[in-house]
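# Residue-level structural notes
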Amino acid sequence: MGGKCPHRSVKKRRYSHKTARRTKFLVKGDDAVYDELHKGEGERKQLPVDEDLPGMGQYYCLHCDRYFASVAVRDEHFKTKRHRKRLKQMMGPAPHTQLDAELAAGMGMPDNGPKLMSM
Amino acid sequence: MRLEKCWFCSSTIYPGHGIQFVRNDAKIFRFCRSKCHKNFKMKRNPRKVKWTKAYRRLHGKDMTQDATFEFERKRNRPERYDRNVTENTLKAIKKIDKVRVDREARHHAKRMKGKKAQLQREAAKELEQSIHMVKAPAALQQEPSLTLPKLKVKVSQQQTEDNRMEE
């Protein structure tokens, strides 16, 4: 990513990387996507209609966290290398979490006390 | 006061150290130093970075299963203060820590011992397979064709070395 800045004479600095940076913070993290994928089919909600998103937010790729304008475009996306790479990554082991970090540091599982009555 | 662990390298973060990042889904990521924070921003996987605890655990470099790991844990329940319990705990911490350090040292020594038996076996096999290349010294003396003729070469390096010493 990164668009062209027309008024830059210095060749090195001609490309703006700000668009890439914006998307960096807007995309979902790997662990969030992984959790969503492993929640199971039944628990997933129907996609809400959102007019701000491309295609009213109806054509969504869960793995890549992207919205598409139509079914055709989405299916085209499913064939891309980037998507397949992502698919493979999500098939693998769960992403690193804080719990993993603590276990690696030689801590036991957290002690949350007895389960309270569920309301 | 709680001593947290670094998300990336699993080291202990003491109060007033490191930085924490709260993602927009309210997940907290704590980092012990800027090195770990930078590595996180580069989206590196701690399981693939060799200096992290996660890597070392996963690849059998560190001790993984031990009873001493059960003592330190996040306790998310309030405990009524008791002077005696606190005193005993403080005593136990020292003892348990010593046990753990000793066991870790033993694990490391065991890991570093190397595969002596395997190397010995391989060496013995090589010797047996290529013993024909080795000639007995008596055989060499009898047949001069087996040894290379000695050549006499004039050495003129002595002078240059002396010059260098003078400088």
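Residues numbered from 1 in each chain as written. Chains lettered and ligands numbered in written order. Predicted model: local features only at pLDDT ≥ 70, side-chain atom pairs only at ≥ 80, totals over all residues. Heavy atoms only, no water.

Taking an unreviewed UniProt entry as the reference, chain B is identified by name as Ribosome biogenesis protein RLP24 belonging to Sesamum calycinum. What UniProt records for chain B under Sequence similarities (unreviewed entry) is the sentence "Belongs to the eukaryotic ribosomal protein eL24 family." Recorded under Subcellular location (unreviewed entry), the UniProt text for chain B is reproduced unchanged: "Nucleus". (UniProt positions renumbered as here; feature names shortened; annotations may be inferred.)

Named according to an unreviewed UniProt entry, chain A is Zinc finger protein 593 originating from Sesamum indicum. Entered under Sequence similarities (unreviewed entry) in the UniProt record, the comment concerning chain A runs "Belongs to the ZNF593/BUD20 C2H2-type zinc-finger protein family."

In this model, chain A carries a mean pLDDT of 81, and residues with pLDDT of at least 70 account for 82%. Across chain A, helix α3 (residues 71-78) of chain A holds the top mean pLDDT of 92, while helix α1 (residues 18-26) of chain A sits lowest at 63. (pLDDT = per-residue confidence, 0-100. Helix = DSSP H or I, 4+ residues; strand = E, 2+ residues; numbered from the N terminus.)

So, about the interface of chain B and chain A. Counting residues at the interface gives 25 residues for chain B, matched by 27 residues for chain A. A buried area of about 2,200 Å², summed over both sides, lies between chain B and chain A, and 45% of it is on carbon and sulfur atoms. Where chain B packs against chain A, one counts five salt bridges. The residue A:D111 makes a salt bridge to B:R77 at a minimum N-O spacing of 3.2 Å. Linking chain B with chain A are 15 residue pairs in polar contact (both at pLDDT 80 or more). Among the elements of the structure, β4 (28-31) and α2 (53-58) of chain B are those that each provide at least two residues to the side of chain B that touches chain A. (Contact = heavy atoms within 4.5 Å. Buried area = accessible area lost by both parts, 1.4 Å probe. Salt bridge = Lys/Arg side-chain N within 4 Å of Asp/Glu carboxyl O. Polar contact = N/O pair within 3.5 Å; in protein donor to acceptor, adjacent residues only side chain to side chain.)

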